[in-house]
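The chain contents come next:
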Amino acid sequence: MNPNHDHYPEGETLRQSLKKRYRSASLWQAIFFSALVIAMISLAALLYNVIDGAFGYVAFEYKNDPAEFTAKPLDDLNKQELLDILKANLSSGAYTKLDNEKLMKKRSKSVLYTLVLERLIQIDTKQNWSMTDSILHSSGIKTEVSEKYPKAKLEFRSWLTPVFLTTPMSSKAEFAGVRTAILGSLWMVGIAILFALPIGTGAAIYLQEYAIKNFLSRVIQTNINNLAGVPSIVYGMLGLAIFVRAFEPFTSGSMFGITDSNGRTILSAGLTMGVLVLPLIIINAQEAIKAVPDSLRQAAYGVGATRWQTIWHHVLPNALPGILTGSILAVSRAIGETAPLIVVGASTFISLDPDGPFSKFTALPIQIYQWTTRAQSEFHSIAASAIIVLLVLLLTLNATAVLIRNRVQRKY
Amino acid sequence: MKQENTILENKNFRPLDLKKKMRPGESVIQSLLFISGVLSVFITVAIVYELGKEALLFFNNPDVTLAKFFGTTRWQPGIGLFGIWPLVTSTLITSAIAIFVSLPLGLAASLFLSEYASPKARSALKPILEILAGIPTVVYGYFALLFMTPLLQKIFGEGVQVYNMASAGIVMGIMILPLISSMSEDALSAVPRVLREGAYAMGATKFETSLQVVLPAALSGIGAALIIGISRAVGETMIVAIAAGAGPNFTFDPFKAAETMTGHIARISGGDLSYNTIDYTSLFAVALMLFLVTLVLNLISQTIINRFRQRYE
Amino acid sequence: MQNTQIPEYAIETKNLFVFYGSFAAVSEVNLKIEKQKVTAIIGPSGCGKSTLLRAFNRMNDFVPSSYVTGEVLMRGQNIYGSNIDPVEVRRNIGMVFQKPNPFPKSIYENIAWGARINGFKGNMDELVEQSLRGAALWEEVKDLLKKNAYELSGGQQQRLCIARTIAIQPDIILMDEPASALDPISTLRIEELMQELKKNYTIIIVTHNMQQAARVSDYTAMMMLEKDGSRSGTVIEFSETKKIFTNPKDKRTEDYVTGRFG
Ligand SMILES: Nc1ncnc2c1ncn2[C@@H]1O[C@H](COP(=O)(O)OP(=O)(O)OP(=O)(O)O)[C@@H](O)[C@H]1O
Ligand SMILES: [Mg+2]
């Protein structure tokens with residue numbers, strides 16, 4: 001008999017000690033799980049916080065009485081009546097300016113309605129409340145408003161409206177929209193992808209299909225992995241030094257005869273963002289190319305194909321879904337990035353649609369940043385609305401990526 | 001073969017020419033691809049060159065001395081204050097808070113996901129982390145300023161300033177959590193099965209195996225995750241720019257406002273900065289420090305991961 | 001130099017070594033492969049059969065560490081000569097792989113693609129039909145030409161790969177265990193096909209199946225690891241298949257073909 005045998009628990013003691021071991025195991029399991037619960041709560045709190053800000057009571061006063069402009073209640077006016085009011089009451093200079101920006105006749109009824117409120121009646125927001133407060137303390141808010149602002153109207157309002165999506169920037173939160181910001185984001189991302197997708201895919205092809213494993217290819221690979229970890233604000237500084245400053249003649253458009261701009265343009269922002277997402281695109285494309293089985297390449301070489309014929313006709317088409325998924329992820333990254341745009345010089349106030357790569361620009365996250373850092377709470381409400389727009393955009397993009405990944409099941 | 005089939009005719013009488021063909025297209029394409037590959041190296045070179053050039057201009061300014069840079073604690077280059085410490089301490093404090101939050105949570109989440117969760121639970125829980133990872137940092141900034149700060153104020157009272165490092169750090173921790181969790185999960189699942197089975201065969205419970213055999217074996221991979229997490233926290237901009245404070249402040253109180261390196265760059269460059277001023281060059285000096293610190297961290301992490309992979313492959 | 005003479009041999013190797021890095025996987029091979037015959041390469045696993053076969057059409061070029069010394073002559077031209085285009089070599093020496101590897105495209109495209117990239121100017125439909133007939137697949141797929149090749153059975157896929165190879169009309173077809181992934185009936189069809197093809201093509205086949213080697217081949221090369229323990233493979237005996245199986249010169253060959261090996 002093994003003399004040590006006596007030192008191990010047996011029978012009832014063994015059962016007891018095992019029970020203890022299992023108890024501590026389930027305790028720890030619960031602790032581990034709680035980390036995920038915390039993550040879940042954080043996510044829920046974040047989403048709730050955003051939605052909470054985007055809806056709620058607003059107390060506001062009309063600076064000018066609507067009755068001065070029309071006998072009818074405002075909400076009953078039709079498009080023509082709204083137009084007439086604007087024509088009659090705006091100074092002719094102001095009206096012509098608006099007409100030049102976009103033909104007044106072509107504007108929708110809700111846009112004209114907003115113009116009447118913004119330019120003529122003029123709203124003065126006194127206070128606004130979060131959605132939770134509005135629902136829980138509805139009566140308290142009502143009495144508070146009637147005491148503090150006897151002339152004010154109280155309205156439960158969604159800050160996120162179709163008008164919010166389609167109107168440009170404004171200095172008043174009530175009339176601000178994200179139209180210019182969305183267009184700016186789209187322009188910028190378009191340029192970024194136009195720059196980064198071909199070069200990134202090319203680099204991935206080079207590394208996977210051509211490069212022999214030597215010092216140079218190792219340096220390139222390590223370098224790409226490191227670039228993926230460089231803080232985005234450093235890319236912003238690079239963009240500022242290179243695209244905004246050194247390439248100013250090109251990025252401002254002065255090389256092409258455009259004069260009223262400096263290097264802080266959509267083009268600079270797009271190129272900066274392109275450089276930022278390049279390592280991401282390369283790494284994803286490399287993975288996609290790696291997943292194409294060698295037997296396919298051999299089959300092509302076996303019938304006398306050259307390297308490029310093999311890549312172009314067989315490797316790339318089969319890696320395409322993966323490359324596409326990677327690019328969509330890169331696009332989502334670019335759409336959400338803020339810091340580099342601040343550094344490259346996003347404009348703080350811009351109400352005209354961008355009309356090309358040499359326009360000044362703003363972008364969705366830039367608007368969110370600026371509105372969040374304003375002191376007045378109505379700006380926080382439009383920041384929240386812009387966040388919802390941004391998140392929905394990102395969700396759509398990512399859903400598309402997942403869809404592509406699932407749709408194209410590997411055949412081999 | 002019923003009908004005549006030319007495919008099956010004898011080929012051996014055909015002339016054979018194996019000589020090299022000119023394929024100019026192939027070589028042009030190969031050169032283009034090579035250039036794309038090398039471009040990434042130029043990006044790094046450009047970063048180092050541009051940041052270095054401007055940083056050199058900054059340090060060559062007669063007013064800027066290393067003694068002032070490292071020996072004083074007020075930073076306002078515009079009026080001749082060149083002490084870098086307030087930016088560094090706030091960066092360290094926010095990052096430390098972020099790691100303090102994200103490391104235990106991320107590690108615990110990864111242990112649960114890789115060791116305990118059924119495939120079904122995994123596929124239900126994993127997306128939560130993926131969504132968290134996909135939320136833009138500016139949104140986290142909003143969350144920090146308008147949710148976390150009021151919450152901290154409710155808990156800790158009026159001592160908590162509107163802008164404060166704690167709120168930014170905690171939210172940054174939530175932002176980094178998915179990264180640490182997924183990297184740790186990779187490390188845990190890379191531990192070979194035989195190691196686990198060895199432990200089971202000696203009568204260890206699943207929990208004992210996870211914690212005493214698998215976790216230690218995956219430790220270096222988890223270390224790599226930690227380092228990448230630090231690098232990410234140091235380089236994160238928007239959360240601190242929005243919630244940590246708008247002005248350098250040499251303080252160790254996490255409930256006070258203080259501007260980090262990244263936050264400082266964002267705020268100063270946000271205005272219309274004119275070139276060739278001390279403000280402009282000083283930003284590049286700060287950015288260069290940032291780049292070098294994150295570069296070193298990333299390289300260390302990558303080296304650890306490569307070693308780790310080799311060990312278990 | 002173009003050589004229009006009727007060649008004596010399809011392939012002739014002279015003192016051929018194939019290396020992976022510093023490891024000589026195949027050493028000192030001197031073979032004369034008869035044209036319009038089936039030559040089988042047999043031998044235990046890991047002795048370098050595939051390596052040798054792939055050296056015949058420069059498929060090893062894609063293994064970065066691999067290189068070759070000695071000569072592989074095709075009608076007098078060394079395919080490893082400095083002036084030789086490996087793409088041209090592969091175009092003249094086709095290959096069928098162990099696992100069927102059709103392109104994930106239509107059956108028609110599988111055959112047309114190789115022809116097209118090699119500048120085929122004739123009637124493509126005709127070429128596709130003739131190639132499929134040549135590979136004894138036409139009757140089975142003539143109504144499915146637009147279907148993805150992955151919908152075919154393994155045996156059909158392998159015959160499609162053969163059809164694809166003969167469509168570019170090479171001189172020589174290399175086959176690396178072409179039937180090892182197939183069921184007995186498909187295997188039989190491939191073997192019959194080889195008999196048909198050898199009237200016009202030179203075929204070199206690697207196989208683990210002794211019966212198959214005996215059935216289909218005219219010549220057999222027996223490969224074995226060198227005795228010196230270097231893990232390097234070489235051809236220890238090469239002659240008519242009949243002789244290898246009934247009256248081998250080398251004791252190791254006899255042990256191997258009679259199943260007493262290892
Ligand atoms: N790509 C490669 N790199 C390095 N060594 C290799 C490579 N391919 C094969 N080898 C080595 O070369 C030797 C011969 O391999 P090969 O595949 O030619 O053998 P084989 O006779 O075809 O074996 P099997 O019958 O199993 O297919 C083996 O020792 C193998 O490990
Ligand atoms: Mg083999």
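Residues numbered from 1 in each chain as written. Chains lettered and ligands numbered in written order. Predicted model: local features only at pLDDT ≥ 70, side-chain atom pairs only at ≥ 80, totals over all residues. Heavy atoms only, no water.

## A short note on the overall build of chain A
Now for step 1: Of regular secondary structure, chain A possesses 17 helices and three strands.
Now for step 2: Its C-alpha radius of gyration of 30 Å places chain A more than 25% over the 22 Å reference for a compact globule of 412 residues.
Now for step 3: Here the C-alpha coordinates of chain A stretch approximately 105 × 75 × 40 Å along the principal axes.
Now for step 4: Across the 412 residues that make up chain A, the buried fraction comes to 51%. (Helix = DSSP H or I, 4+ residues; strand = E, 2+ residues; numbered from the N terminus. Rg over C-alpha atoms; globule rule 2.2 N^0.38 Å. Buried < 20%, exposed > 50% of the residue type's maximum accessible area, 1.4 Å probe, protein only.)

## Notes on the pattern of salt bridges
Now for step 1: The final tally for this structure, using the stated rule, is 32 salt bridges over all chains.
Now for step 2: Among the ionic pairs, R23(B) bridges to E88(C), the shortest N-O distance being 4.0 Å. In this pair, R23(B) is assigned in the segment before helix 1 (24-60) and E88(C) in helix 2 (residues 86-92), connecting two distinct chains.
Now for step 3: For E88(C), a relative accessible area of 14% gives the class buried.
Now for step 4: When the shortest N-O distance is used, the salt bridge between R133(C) and E129(C) registers 2.8 Å. Within this pair, R133(C) and its partner E129(C) are both found in helix 4 (residues 124-134), separated by four residues, close to a single helical turn.
Now for step 5: The class of E129(C) is partly exposed, set by a relative accessible area of 24%. (Salt bridge = Lys/Arg side-chain N within 4 Å of Asp/Glu carboxyl O.)

## What about unusual backbone geometry?
Most peptide bonds take the trans configuration, and most residues that are not glycine carry a negative phi.
Residue and element names in this part refer to chain C.
Now for step 1: The phi dihedral of R75 falls on the positive side, at around 45°, and the residue is not glycine.
Now for step 2: Take R75: it is sitting in the loop between strand 5 (66-74) and strand 6 (77-78).
Now for step 3: Residue class for R75 comes out buried when judged on its relative accessible area of 5%.
Now for step 4: Positioned with a positive phi, A136 is a non-glycine residue whose angle comes to about 55°.
Now for step 5: Looking at where A136 falls in the secondary structure, it is placed in the loop between helix 4 and helix 5 (138-141).
Now for step 6: With a relative accessible area of 29%, A136 lands in the partly exposed category.

## With respect to a nonpolar patch on the surface
Residues and elements named next belong to chain B.
Now for step 1: Nonpolar side chains collect at one region of the surface, where F59, L66, F70, W85, F250 and F252 lie side by side and expose about 610 Å² of accessible area between them.
Now for step 2: Turning to its location among the elements, F70 is positioned in helix 2 (residues 66-71).
Now for step 3: A relative accessible area of 46% places F70 in the partly exposed class. (Patch = residues over 30% accessible without salt bridge, like charges linked within 9 Å, V, L, I, M, F, W, Y side chains within 5 Å. Areas by Shrake-Rupley, 256 points an atom, 1.4 Å probe, with all protein chains shown as cover.)

## Here we look at the site of ligand 1
All names here are of chain C.
Now for step 1: Taken together, 14 residues surround ligand 1, and among them S45, K49, S50, T51 and H208 come closest.
Now for step 2: S50 is positioned with one of its side-chain polar atoms (N or O) 2.6 Å from an oxygen atom of ligand 1.
Now for step 3: A distance of 3.5 Å separates an oxygen atom of ligand 1 from a polar side-chain atom of R231.
Now for step 4: Contact with the protein chains hides 64% of the accessible area of ligand 1, taken as 630 Å² for the molecule alone.
Now for step 5: Here the shell around ligand 1 takes three residues from helix 1 (residues 49-55), the largest share from any one element. (Near = heavy atom within 4 Å. Polar contact = N/O pair within 3.5 Å; in protein donor to acceptor, adjacent residues only side chain to side chain.)

## Describing the sheet that holds strand 3 (residues 153-158) of chain A
The strands that make up a sheet are held in pairs by hydrogen bonds between backbone atoms, and each pair lies either parallel or antiparallel.
All names here are of chain A.
Now for step 1: Strand order in the open sheet made by the three strands is 2-1-3, with antiparallel pairing throughout. Unpaired on one side and paired on the other, strand 2 (123-128) and strand 3 mark the two borders of the sheet. Here the average twist between neighbouring strands, direction ignored, is 40°.
Now for step 2: Where strand 1 (residues 55-62) and strand 3 come together, six bridges link them in antiparallel fashion. The residue of strand 3 that forms the bridge with F55 is S158.
Now for step 3: Across the sheet, helix 1 (residues 11-54) is in contact with strand 1 and strand 3; its angle to strand 1 comes to roughly 25°. (Pairing = 2+ DSSP bridges. Axes fitted to C-alpha atoms, helices over the stretch in contact; angles between N-to-C directions. Contact = heavy atoms within 4.5 Å.)

## With respect to the interface of chain C and chain A
It is common to report an interface's size as the accessible area lost on association of the parts.
Now for step 1: Counting residues at the interface gives 22 residues for chain C and 19 residues for chain A.
Now for step 2: Both faces combined, the contact of chain C with chain A buries some 1800 Å², and carbon together with sulfur accounts for 67% of it.
Now for step 3: Its largest share of buried area at the contact with chain A, chain C owes to F62(C), P104(C) and W113(C), together 27% of the area lost on that side.
Now for step 4: Put simply, chain C and chain A have zero salt bridges between them.
Now for step 5: Here chain C is connected to chain A by three residue pairs in polar contact (both at pLDDT 80 or more).
Now for step 6: Counting only elements with at least two residues in the side of chain C that touches chain A, the list comes to helix 2, strand 7 (93-96) and helix 3 (107-117) of chain C. (Buried area = accessible area lost by both parts, 1.4 Å probe.)

## Quick look at empty space enclosed by the protein
All names here are of chain A.
Now for step 1: By the definition in use, this model includes two cavities of 30 Å³ or more.
Now for step 2: Taken as a whole, the second largest cavity spans an internal volume of roughly 40 Å³.
Now for step 3: The wall of the second largest cavity is formed by L227, A228, V230, Y235, L276, V277, P279, L280 and R333.
Now for step 4: With four residues, helix 12 (residues 266-290) is the single largest residue contributor to the lining of the second largest cavity.
Now for step 5: A breakdown of the residues in the lining of the second largest cavity according to their chemical character gives eight nonpolar, no polar and one charged. (1 Å grid on protein atoms, 1.4 Å probe; cavity = no way out; pocket = protein on both sides within 12 Å on 5 of 7 lines; lining within 4 Å. Points joined across faces, edges and corners; volume = space filled by probe spheres on them. Nonpolar A, V, L, I, M, F, W, Y, C, P; charged D, E, K, R; others polar.)

## A word on the pairing of strand 2 (residues 23-29) of chain C
Working note: regular strand, side chains alternate between the two faces of the sheet.
Residues and elements named next belong to chain C.
Now for step 1: Where burial is concerned, most of strand 2 is hidden: five out of the seven residues are buried.
Now for step 2: Note that strand 1 (residues 9-20) and strand 2 share four bridges and pair antiparallel. Along strand 2, the bridge assignment pairs L16 with V29.

## Here's the deal with the domain arrangement of chain A
Now for step 1: Partitioning chain A into domains gives domain 1 (59-124), domain 2 (126-157) and domain 3 (179-411).
Now for step 2: Measuring from the centre of the C-alpha atoms in domain 2 of chain A to the corresponding centre in domain 3 of chain A gives 44 Å. (Domains from an automatic or database assignment.)

## Notes on the interface of chain A and chain B
Now for step 1: Contacts between chain A and chain B engage 73 residues on the former and 77 residues on the latter.
Now for step 2: For the pair chain A and chain B, the two sides together bury roughly 6700 Å², of which 75% comes from carbon and sulfur.
Now for step 3: Where chain A meets chain B, there are two salt bridges.
Now for step 4: Applying the counting criterion to the chain A and chain B interface returns eight residue pairs in polar contact (both at pLDDT 80 or more).
Now for step 5: Ranked by residues supplied to the side of chain A that touches chain B, first place goes to helix 1 of chain A with 20 residues.
Now for step 6: Here the residues of the side of chain A that touches chain B sort into 50 nonpolar, 18 polar and five charged.

## Side note on the environment of H380(A)
Now for step 1: Tracing the chain through its elements places H380(A) in helix 17 (residues 377-407).
Now for step 2: In this structure H380(A) comes out as buried when scored by relative accessible area, which is 15%.
Now for step 3: Placed 333 residues apart in sequence, H380(A) and L47(A) show a C-alpha to C-alpha distance of 14 Å.
Now for step 4: Discounting residues that sit within four places of it in the chain, H380(A) has contacts with W371(A), T372(A), R374(A), A375(A), Y142(B) and L146(B).

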